[in-house]
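Residue-level structure breakdown
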Amino acid sequence: MQIAIASGKGGTGKTTIAVNIASFIDSLGVKVSFTDCDVEEPNAHLFLNPAIKKEMNEHIPVPKVNEDACIGETCKKCIELCRFKSLIWMIDSVMVFSELCHGCGLCELACPTDAIGKGERMIGTTSQGKSGNIDFTKGLLRIGEAMSPPLIKAVKEISPKAEVNILDCPPGTSCPVVESIDGADFVVLVTEPTPFGLHDLDLAVQLLDTLGQPYGVIINRAGMGDDRVEKYLSDKNIKLLGSLPNNREAAIIYSDGGLLYDSIPGYKDELSKIWDSIQNIVNEVA
Amino acid sequence: MKQIVVISGKGGTGKTSIVSALSSIGPKKVIADCDVDAADLHLILKPTIIDEHDFISGERPSIDLDICTQCGMCVEHCKYGAISDEFKIMLEKCEGCGVCSFVCPVGAVSEEPRNCGKWFKSSTRFGTLIHAALGIGEENSGKLVTTVRTASADAGVEEEAELVLVDGSPGIGCPVIASLTNADLAVFVAEPTITALHDLKRVYELTEHFKIPSTVIINKCGINSNQETEIKAFCQEKEISIAGELPYDLAFTKAQIAGLSVVEYDPEGLGAEMEVIWKELEKRLMA
Ligand code: SF4
Ligand code: SF4
Ligand code: SF4
Ligand code: SF4
C-alpha cells in the first residue's frame, strides 16, 4: 500500500506526521518503507536518523553534439525546435546549455545526421538506508538545479517496496507534488486550523480532485486556531481522518527532531484511529 | 529603490506573517508575493484587484482522436509519461516539449499557448501588491515568479517607491532563485528547530552562490534554546547578521485569524518589535 503525505504549503507538519505514522505502523510490526520525496529540502532523516548504506549520483540525459557529424549553419534544426532555449548557435557550432535542458529528446529525434548523442547532467543524489526496521530512501537536489521531478522519480524507483510505503511529499501543488503522489493508493493532506492552512488545503484539494486520487485530511496543531477547516471539510464532504493536538510540549520535541507518537499523550490513539480509517478507505477502493 | 526578499527554505516558519508585518511599517513600498504555489499574503493584505493578466507559458498539446491512428509513436517518445494509453494528454505531467507533435506521422497533435495561471496588480492598505495564482498542477512557477518580480520592480519605479518588499518562494529550486533576482538583501526567517536549521543552511548556500547579502530573523524563540544557540553559531560562523528575534507567540495566529498584520493586531508588543527589526533591515540596506 502506497500512502502519500502531502499539504498545500510547507510547515503544516507534513513531515512530522509522515515520520510518526511510519514509526507507529512499524511499532505494530508492519513492514514499512519510507521515501522522502521532498528532494529540495529533505527533513525526514532528521527524525528517523537512518544509517545510510548506499548513495548514488543521479543524472538526466542531455544532448551532446558530435561536431564532426553536425552539418552546422545550413541546418540548425535542433536549435529551432528546442522549446527550452537550451541550444544556441555559437560562432560555428551548436552549444548546449545543459542547465536549461529538460531532457525531452526532441533535438536528437530531429537531427538529420544523428549528430546528437547522449550526455548527462548530475541533478542530485539519492541515498538509502535503514532506520531500525524501516527502509529509508531520500534524494537531495543539487543546489542551483531547477528540475526536481526526475530526481523524485529516481528516489521512488529505488525505494524498496514494503507492505506499507510512506511517501513524504514536497509542499505546493505543482509538478513535484504531482510526480510524488503519482501511483499512491491514498493521499493524506495535512493542514492547520488557520486561514493560511485552509487556503492552502483548498488548493491541494483542487489538485487531488483534478487527478482523481482518493484522499483524506488530518488537522495538525488542532486547537491553535479556529474551526474554519472543519467547516470546510464537512461542507465539501471530505473525510477528516483525525486531529493531532497542538501544544508547547509537541513543539519542543519536534524542534529537536524527536518523535511524538510515543511521547505526547493521546497522539498514539489518534494515529491508530487515523491508520484504521486509511486502511478501510484503501480496502474499500481496492 | 531597494529590494528585500524574505525567504525561509522551509514553509511554516512564519515568513508570510513577518512579510505582512513589514508591509505595514517602513517607507512607501510595493509588495510582491512570490509564493505563487500557495500564496497567502492576500489573506492579510486583502487586495482590491486593479489589473488582471493571464500567465501564458509554453504550449498545450492536444490530440485529435478523429485523425489519430493510434500508432503509439507519441506515447513511446514522450519522456514524461504524459500521454495515456487512450491517447489523452495529461496536462499535469506535460512539459510542452513538442515531441508528440514532432513524431506524429499524421499530424493529429495540435498545440495552443498554455494558460498556466494569472497575475494581478492590486491596491492594499499598505501599498501596491503584485501577486499571482498558478493554475492547479501547473509547472513553470519559476517563470511566473519572474513575471511577478519584474512587474513589482516596474511598479516600484513607476510609483517612485523606496522599497520593493518580496515574500519569497519556499524551497531552494527555480522559484526561489527567480524570487531572488536583483535582491539587495535576502532576509531568512528561521525557527529554532532542527529542520529549519537544516533548511537555512541549504538556502544560505543559494544566496552565497548568487552573492546576495543576507540577514536572519529568528522566529518562535523560546521553544528550544539549544537550537537557538545552533542557529546563532551558524550565523556567526558564516558572518550572517541577526536582524531580530521574535518570541513564540500565539498573537501571530490570532492576527492571522483576524485578517490583520501582527503590527496592527498587537501594536505595543510584537508591533514595536517589528519596528525595531525594520530599523535593523534598513541599516543593512544602506550599508
Ligand atoms: S540538428 Fe543535428 S545537424 Fe542540425 S544543427 Fe543540430 S546537431 Fe547539427
Ligand atoms: S533534449 Fe529537449 S530540452 Fe534538451 S536540448 Fe534537446 S530539445 Fe532542448
Ligand atoms: S508535449 Fe512533450 S511532454 Fe507533452 S505530451 Fe507531448 S511529448 Fe509529452
Ligand atoms: S503519434 Fe499521432 S497518430 Fe500516433 S498515436 Fe500519437 S497522436 Fe495518434
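Let me sum up the structure you'll find in this document. Remember, it's a predicted structure, so these values are computed and weren't measured experimentally. (Residues numbered from 1 in each chain as written. Chains lettered and ligands numbered in written order. Predicted model: local features only at pLDDT ≥ 70, side-chain atom pairs only at ≥ 80, totals over all residues. Heavy atoms only, no water.)

**A few points about the overall build of chain B**
- A count of helical and extended segments in chain B gives eleven helices and nine strands.
- If you line up chain B on its principal axes, its C-alpha atoms span 70 × 40 × 35 Å.
- In chain B, the share of contacts with a sequence separation of at least 24, taken over all contacts with a separation of at least 6, comes to 76%.
- Surface summary for chain B: the accessible area is close to 11,300 Å², and the carbon and sulfur share equals 50%.
- Between the averaged position of the 26 positive side-chain charges in chain B and that of its 43 negative side-chain charges there is a distance of 4 Å. (Helix = DSSP H or I, 4+ residues; strand = E, 2+ residues; numbered from the N terminus. Contact = heavy atoms within 4.5 Å. Areas by Shrake-Rupley, 256 points an atom, 1.4 Å probe, with all protein chains shown as cover. Lys, Arg positive; Asp, Glu negative; His and termini not counted. Charge placed at Lys NZ, Arg CZ, Asp CG, Glu CD.)

**Let's talk about the interface of chain B and chain A**
- Across the boundary between the two partners, chain B contributes 59 residues, which contact 58 residues of chain A.
- The contact between chain B and chain A buries some 4,900 Å² in all, and 58% of this surface belongs to carbon and sulfur atoms.
- There are two salt bridges connecting chain B and chain A.
- A salt bridge links Glu 111 of chain B to Arg 83 of chain A, with the nearest nitrogen and oxygen atoms 2.7 Å apart.
- Seen at the junction of chain B and chain A, the total is 23 residue pairs in polar contact (both at pLDDT 80 or more).
- For the side of chain B that touches chain A, the elements supplying multiple residues, two or more each, are α1 (15-23), α2 (41-45), α4 (99-103), α6 (174-179), α7 (194-209) and α9 (251-258) of chain B. (Buried area = accessible area lost by both parts, 1.4 Å probe. Salt bridge = Lys/Arg side-chain N within 4 Å of Asp/Glu carboxyl O. Polar contact = N/O pair within 3.5 Å; in protein donor to acceptor, adjacent residues only side chain to side chain.)

**Notes on the side chain of Arg 202 of chain B**
- Following the sequence through the fold, Arg 202 of chain B ends up in helix α7.
- Glu 205 of chain B provides the closest opposite charge to the buried, unpaired Arg 202 of chain B, separated from it by 5.6 Å.
- Separated by 2.9 Å, the side chain of Arg 202 of chain B and the backbone oxygen of Glu 40 of chain A make a polar contact.
- A distance of 3.0 Å separates a polar side-chain atom of Arg 202 of chain B from the backbone oxygen of Leu 141 of chain A. (Buried < 20%, exposed > 50% of the residue type's maximum accessible area, 1.4 Å probe, protein only.)

**Some details on the nonpolar core**
- Of all hydrophobic cores here, the largest spans 42 residues; its most connected members are Ile 7 and Leu 180 of chain B.
- Ignoring sequence-local partners within four residues, the contact set of Ile 7 of chain B consists of Lys 15, Gly 168, Ser 169, Val 176, Leu 180, Ala 186, Val 187, Phe 188, Val 189, Val 203 and Thr 207 of chain B.
- In terms of nonpolar packing, the next biggest core, distinct from the first, is built from 39 residues, Val 30, Val 190, Ile 218 and Ala 250 of chain A among them. (Core = buried A, V, L, I, M, F, W, Y, C linked by side-chain atoms within 4.5 Å.)

**Things to note about the pairing of strand β11 (residues 240-245) of chain A**
Residue and element names in this part refer to chain A.
- Across four bridges, strand β10 (residues 215-222) lies against β11 in parallel orientation. Note that in β11 the partner of Ile 219 across the bridge is Ser 243.
- Assessed by its sense of winding, the connection that carries the chain from β10 through helix α8 (residues 228-236) to β11 is right-handed. (Pairing = 2+ DSSP bridges. Right-handed = clockwise from strand over helix to strand, strands pointing away.)

**Digging into the pattern of salt bridges**
- Inspection of every chain in the model, using the stated rule, returns 25 salt bridges over all chains.
- Asp 182 of chain A is the partner of Lys 93 of chain B in a salt bridge, and the nearest nitrogen-oxygen pair spans 3.4 Å. Of the two residues, Lys 93 of chain B is situated in the loop between α3 (73-77) and α4 and Asp 182 of chain A in the loop between α6 (175-181) and β9 (186-191); the pairing between them involves two chains.
- Owing to a relative accessible area of 24%, Lys 93 of chain B belongs among the partly exposed residues under this scheme.
- Connected through salt bridges with shared partners, the residues Glu 99, Arg 121, Arg 142 and Glu 145 of chain A form a single ionic network.

**Observations regarding the site of ligand 1**
- Close to ligand 1 lie Cys 70, Ile 71, Cys 75, Lys 76, Lys 77, Cys 78, Val 94, Cys 111, Pro 112, Thr 113 and Ile 116 of chain A.
- Here the shell around ligand 1 is built from residues that sort into eight nonpolar, one polar and two charged. (Near = heavy atom within 4 Å. Nonpolar A, V, L, I, M, F, W, Y, C, P; charged D, E, K, R; others polar.)

**Digging into the site of ligand 4**
- The environment of ligand 4 is made up of 13 residues, and the closest members are Cys 68, Cys 71, Gly 72, Cys 74 and Cys 104 of chain B.
- For the shell around ligand 4, the residue count by class is ten nonpolar, three polar and no charged.

**Thoughts on the environment of Gly 72 of chain A**
Residues and elements named next belong to chain A.
- Within the element layout of this structure, Gly 72 appears in the loop between β3 (51-65) and α3 (77-81).
- According to the relative accessible area criterion, Gly 72 is buried, its value standing at 9%.
- As for Gly 72 and Thr 125, which are separated by 53 residues in sequence, their C-alpha atoms are 36 Å apart.

**Examining the sheet that holds β3 of chain A**
Residues and elements named next belong to chain A.
- Taken in spatial order, the nine strands line up as β3-β6-β7-β2-β8-β1-β9-β10-β11 in an open sheet, and their pairing is mixed. Each end of this open sheet is capped by a strand with a single partner; those strands are β3 and β11. Within the sheet, the average angular offset between the axes of one strand and its neighbour, ignoring direction, is 20°.
- Sheet analysis places strand β6 (residues 116-131) next to strand β7 (residues 134-141), joined by eight bridges and oriented antiparallel. For Thr 126, the partnering residue across the bridge sits in β7 and is Gly 139.
- Relative to the sheet, helix α1 (residues 14-27) contacts β1 (2-6), β2 (32-36), β7, β8 (164-168), β9, β10 and β11, its axis offset from that of β8 by approximately 165°. (Axes fitted to C-alpha atoms, helices over the stretch in contact; angles between N-to-C directions.)

**Description of the sheet that holds strand β5 (residues 127-134) of chain B**
Residue and element names in this part refer to chain B.
- The strand order across the open sheet built from nine strands is β3-β4-β5-β2-β6-β1-β7-β8-β9, with neighbouring strands paired in mixed fashion. Across the chains shown, the open sheet's two edge strands, defined by having one partner strand only, are β3 (48-63) and β9 (241-247). Ignoring strand direction, the axes of neighbouring strands in this sheet form an average angle of 20°.
- Relative to strand β7 (residues 185-190), strand β1 (residues 2-7) is paired through four bridges, and the arrangement is parallel. Residue pairing in the sheet places Ile 7 in a bridge with Phe 188 of β7.
- Running at roughly 175° to strand β8 (residues 214-221), helix α8 (residues 225-238) makes contact with β7, β8 and β9 of the sheet.

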